[in-house]
Amino acid sequence: MTDTATTESDLPVEMLHDASDVLDPLADAEEGLVKNRAKVGSARPSSLLYTYGPGAIMDLPGFAVMPAGLDDWGPIWKRREHIPSILEPRLVSVVRLHLGQQVDALRPYPWQPKQGAMSKEGSDLGIPARVFPQWFRCTGCDYLGPLPRFSYTNTHPFRPDLAQFTHKSCPGRGRPRPGAPARKRESPAVPAQHLLTCTNGHLDEFPYTLWVHRGRQCPKAELPDLKMRDANVGQSVGSIIACASCGSTRGMAEAQGTVGREKLPEKCRGRHPHLGAFDSNCGARPALIMMGASNLWFASTQSIIVMPRTEAEEKKALADKLRVELGLDQVKQFGDQIAVIRALAGAKGIDMSSVTDDDLSAAIADVLAPADSEEDRQEKLAAWDPVELLVPEWRYLQKPALFPQQPNSSGLMVTEMQRAPGLHPKVSRVVAVNQMKKVNAVLGFTRLDEMDRVNDLASRLVKLTRSGKPTWVPATEDRGEGVFLQLDLDAVAEWENKIRGTRLWDVHQDAHRRNFQRRFSETAKQVDPDTRLPAPRYWLLHTLSHVLIREMAMSCGYGAASLSERIYGWTATPQREAAAGLLICTTASDSEGTLGGLVALSEPARLHNLLVSALRRAVRCSSDPVCATRTPRDPEDFLHGAACHCCSFASETSCEKANRFLDRRFLLDLPAASGESVPGFFGSIDAV
């Protein structure tokens, strides 16, 4: 699978055949058992991070699987003497804050590159997954039943997409003629689409048998045969469940909406299919959800750009290496014997040549230091702000003197670029990010309810292990390039003060409050919306980033969906100084990263022309004057102003805020429907 940026290798997905045990799925692939091959598909690391991680439903050609929890990854990793890890202290600290001090490391997905097309390196690695949903419908006769009623076939060694479940004794839909032999054929089966979920992140099969009999048992059979028929005639929209034993029928449309929710089971069973486990204390009421619904799985991830480490961070990294490679028990046992710890670390491949005894002693003390109490951790978690991950990056970019001194081990190479003579004076700095490394970690996921911040309501974050206390979490390490632009901080502050006094900003604030109040989110009810509205400078930087992404995609060699943004836009607080900058970058998991087409746009003449062209395009939209004067008015609650798909919206992979908080009027002087003059940061187009 390729995109316009680079080639990113797929990771094999392997099927677990039992939903309750920790199994080794590749045991089915041993020689002599070719009729039950374990590999059923593949996925890219980025999709496993943001779209199909543990607990999500991955729709394959023949059926659907759910990547398993981290407990089931153990047998996969045991095939390697050395388990790789990504050591990045700044990100590990954030993961520990959210998941507990027991987290030791970030691990890449179990995958190994192949030397050739027919080579077998890494064939024993893959992502374990469980079949889910486990109720299927026969496409030949509409029979609806659980997984054991169907036959599984996956015999082609190089075509896992042919794996499927079939109904071997399918009689078909038509009635045979009198006296004619009964027809028996093998028909493909597809997953039944209906599921039950709750706000606590549980997911369960829909109780079809109880549903069609209205909560009772079938009077004719203990295990009745069911049929699922599509009925799209007239007003009967949806599927109809029929009992072949007693003739009862009931439409699935009855289960939809608020009224339908009252007809479903009163209490959630607390099922976690990705863990093969149940929680016994869930008091939430389940709701109907379809297998492909967009609110079935929301990833909770955090990412950082790897920077040259300070001396304190280097000591922290050494402590993390000892914790991961030696383990807490060994460090405790030999902690007072520096020579022994040094020898054990060297045997594990840790470079100890430049580590002094004092540094090693400090690292050992760090490993053995008592963890924060749970009360202290919860207090820090409640006060945590995602901006804290961006502040060190912003501060580093403010120190050009450090750029030539950066060590290559960080993977970051940046260059202060000269400003073109004609570049708009409010763009104060341009930095070329020649090479960069970005680390992304999975903290968990939520269902139905996407939280603005991971720490909004920790109980909603679905656990990745049965114990709820993972010792590691999956992560990816991406390499790439980018361009950083910084706006004049004084000019931004002066402009921001003007914007806060305009009617347009008051309207955006009111729309944001209405949006929070009307969300189908129990978490949002507990958050003050005014604390989550980004400052006007963020709207400015975000809109500028989008128009630049659209313009850069025309000349950098990458598609717009391959470019992403990182916005540094916040006002000053006692903890941090103000920031106003943006980074447009492209990253990939490929070992070589990207090809240089984006960073080349940081050259003075090219960037000047690009910025002028982007702002000129932003002046006009094919939806004007509707777009240019768009303002949310009660009861409207959309979170953008003069912005739409024709002029400012970007792809989901590019935007960090899902195309919210955009308004071209903050960039340039545009007409307003009310006649109010809104000062654009760059003024009129003649001034650009």
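Residues numbered from 1 in each chain as written. Predicted model: local features only at pLDDT ≥ 70, side-chain atom pairs only at ≥ 80, totals over all residues. Heavy atoms only, no water.

1. Quick notes on the packing of helix H7 (residues 327-334) against helix H8 (residues 338-347)
Thinking step 1. Running from N to C, H7 and H8 cross one another at 150 degrees; their axes reach a closest spacing of 9 Å. Between H7 and H8, the angle is such that the two are roughly antiparallel. Between H7 and H8, the contacting residues are Gln330, Val331 and Phe334 on the first element and Val340, Ile341 and Leu344 on the second.
Thinking step 2. Tallied by class, the residues present in the contact of H7 with H8 amount to five nonpolar, one polar and no charged. (Axes fitted to C-alpha atoms, helices over the stretch in contact; angles between N-to-C directions. Helix = DSSP H or I, 4+ residues; strand = E, 2+ residues; numbered from the N terminus. Parallel < 35°, antiparallel > 145°, perpendicular 65-115°, else oblique. Contact = heavy atoms within 4.5 Å. Nonpolar A, V, L, I, M, F, W, Y, C, P; charged D, E, K, R; others polar.)

2. As for the sheet that holds strand E15 (residues 239-243)
Thinking step 1. Taken in spatial order, the eight strands make up an open sheet running E9-E10-E11-E7-E8-E14-E15-E16, and their pairing is antiparallel. The sheet is open, and its two edges are formed by strand E9 (151-153) and strand E16 (249-251), each paired on a single side. Each strand of the sheet is rotated relative to its neighbour by a mean of 35 degrees, with strand direction disregarded.
Thinking step 2. Relative to strand E8 (residues 143-146), strand E7 (residues 135-138) runs antiparallel, the two being bridged by three bridges. Among the inter-strand pairings, Arg137 is bridged to a residue of E8, identified as Leu144. (Pairing = 2+ DSSP bridges.)

3. Remarks on the packing of aromatic side chains
Thinking step 1. Tallying each qualifying case throughout the model produces 25 aromatic pairs.
Thinking step 2. On the numbers, 5.9 Å between centres and 50 degrees between planes, the contact of Phe136 with Phe150 is tilted. Of this pair, Phe136 sits in strand E7 while Phe150 sits in the loop between E8 and E9, and the two are 14 residues apart along the sequence.
Thinking step 3. Its relative accessible area of 0% is what places Phe136 among the buried residues.
Thinking step 4. Phe150 gets classed as buried once you look at its relative accessible area, which sits at 7%.
Thinking step 5. Every member of this aromatic cluster is reached through a ring pair, and the members are Trp495, Trp505, Trp539, Phe661, Phe666, Phe681 and Phe682.
Thinking step 6. Stacked on the ring of Trp211, the Lys or Arg Arg250 has its end atom at 3.7 Å from the ring centre.
Thinking step 7. A cation sits over an aromatic face here: Lys426 above Phe681, 4.7 Å from the ring centre. (Phe/Tyr/Trp six-rings, centres within 6.5 Å; stacked < 30°, edge-to-face > 60°. Buried < 20%, exposed > 50% of the residue type's maximum accessible area, 1.4 Å probe, protein only. Lys NZ or Arg CZ within 6 Å of the ring centre and 35° of its normal.)

4. Brief notes about the confidence of the model for the chain
Thinking step 1. Across the chain, the average pLDDT comes to 85, with 90% of residues at 70 or higher.
Thinking step 2. Every residue in residues 1-8 is under pLDDT 50, and counting partners more than four places away or in other chains gives 23 contacts.
Thinking step 3. Taken together, the stretch residues 18-35 has pLDDT below 50 and engages in 43 contacts with residues farther than four places along the chain or on a different chain. (pLDDT = per-residue confidence, 0-100.)

5. Some points on the environment of Arg664
Thinking step 1. Along the chain, the position of Arg664 falls in the segment after helix H15 (604-619).
Thinking step 2. Relative accessible area serves as the criterion here: at 0%, Arg664 is assigned to the buried category.
Thinking step 3. Spatially, the C-alpha atoms of Arg664 and Ala628 are 7.5 Å apart, while their sequence positions differ by 36 residues.
Thinking step 4. Setting aside its immediate chain neighbours within four residues, Arg664 contacts Thr543, Ala618, Val619, Arg620, Cys621, Asp624, Cys627, Ala628, Ala642, Cys647, Ser648 and Leu670.
Thinking step 5. Within the structure, the side chain of Arg664 is placed 2.6 Å from the backbone oxygen of Ala618, a separation counted as a polar contact. (Polar contact = N/O pair within 3.5 Å; in protein donor to acceptor, adjacent residues only side chain to side chain.)

6. Looking at the pairing of E15
Thinking step 1. Judged by how many residues are buried, E15 sits mostly within the fold: four of five residues are covered.
Thinking step 2. Taken together, the five bridges between strand E14 (residues 226-230) and E15 define a ladder with antiparallel strand orientation. Bridged to Asp230 within E15 is Ser239.
Thinking step 3. Counting the residues in the hairpin turn of E15 and E16 gives five residues, including Gly247, whose phi is positive at 85 degrees.

7. Observations concerning the pairing of strand E6 (residues 127-131)
Regular strands place their side chains on alternate faces of the sheet.
Thinking step 1. In terms of burial, E6 is largely enclosed, as five of its five residues are buried.
Thinking step 2. Pairing between strand E4 (residues 64-67) and E6: three bridges, direction antiparallel. Its bridge partner being in E6, Val65 is matched across the sheet by Val131.

8. Some details on the nonpolar core
Thinking step 1. In terms of nonpolar packing, the biggest core is built from 58 residues, with Phe63, Leu106 and Phe165 touching the most fellow members.
Thinking step 2. Among the elements that take part in this core, helix H3 (residues 89-99) stands out by supplying six residues, more than any other. (Core = buried A, V, L, I, M, F, W, Y, C linked by side-chain atoms within 4.5 Å.)

9. A few points about the environment of Ser239
Thinking step 1. The residue Ser239 is located in strand E15 in this model.
Thinking step 2. Along the sequence, Ser239 and Arg229 sit ten residues apart, while their C-alpha atoms lie 5.5 Å from each other.
Thinking step 3. Discounting residues that sit within four places of it in the chain, Ser239 has contacts with His194, Met228, Arg229, Asp230, Arg250, Gly251 and Met252.
Thinking step 4. Among the polar contacts made by the side chain of Ser239, one reaches the side chain of Asp230 at a distance of 3.3 Å.

10. As for the sheet that holds strand E12 (residues 194-197)
Thinking step 1. Strands sit in the order E13-E12-E19 across an open sheet of three strands; the sheet is antiparallel. A single partner strand is all that each edge strand has here, and the edge strands are strand E13 (203-205) and strand E19 (287-290). Ignoring which end each strand starts from, the neighbouring axes of this sheet average 40 degrees apart.

11. A look at the pattern of salt bridges
A side chain of one charge can pair with a side chain of the opposite charge if their charged atoms are brought near each other.
Thinking step 1. Taken as a whole, this structure holds 31 salt bridges when the rule is applied.
Thinking step 2. Note that Arg130 and Asp72 form a salt bridge whose closest N and O atoms lie 2.4 Å from each other. You can see Arg130 sitting in strand E6 and its partner Asp72 sitting in the loop between E4 and helix H2 (74-77), a full 58 residues away along the chain. Summarising the burial analysis for this pair, Arg130 and Asp72 share the class buried. (Salt bridge = Lys/Arg side-chain N within 4 Å of Asp/Glu carboxyl O.)

12. Looking at unusual backbone geometry
Thinking step 1. Cis geometry marks the peptide bond from Phe132 to Pro133, where omega comes out at 0 degrees.
Thinking step 2. The topology assignment puts Pro133 in the loop between E6 and E7.
Thinking step 3. Each neighbour pair has its own omega, and for Asp634 with Pro635 the value is 15 degrees, a cis peptide bond.
Thinking step 4. Within the secondary structure, Pro635 sits in the segment after H15.
Thinking step 5. One non-glycine residue, Leu448, adopts positive backbone phi at about 70 degrees.
Thinking step 6. Of note, Leu448 is situated in the loop between strand E22 (427-446) and strand E23 (472-487).
Thinking step 7. A positive phi angle, near 55 degrees, is found at Ala658, a position not held by glycine.

13. A word on the packing of helix H6 (residues 311-325) against helix H9 (residues 357-368)
Thinking step 1. It is the contact of H6 with H9, at a shortest axis distance of 8 Å, that shows an interaxial angle of 60 degrees. Of the two possible hands of crossing, H6 and H9 adopt the one that is right-handed. Here H6 contributes Lys315, Lys316, Leu318, Ala319, Leu322 and Arg323 to the contact with H9, which in turn contributes Asp359, Leu360, Ala363, Ile364, Asp366 and Val367.
Thinking step 2. Classifying every residue of the contact of H6 with H9 gives seven nonpolar, no polar and five charged. (Left-handed = near helix turned anticlockwise from the far one by under 90°.)

14. Some details on the side chain of Arg429
Thinking step 1. Following the sequence through the fold, Arg429 ends up in strand E22.
Thinking step 2. The class for Arg429 is buried, based on a relative accessible area of 12%.
Thinking step 3. Here Leu397 takes part through its backbone oxygen, which lies 2.8 Å from a polar atom of the side chain of Arg429.
Thinking step 4. One polar contact links Arg429 to Gln486, side chain to side chain, over a distance of 2.9 Å.
Thinking step 5. Each residue touching Arg429, except ones within four places of it in the same chain, is listed here: Leu397, Gln398, Pro400, Phe403, Glu416, Phe484, Leu485 and Gln486.

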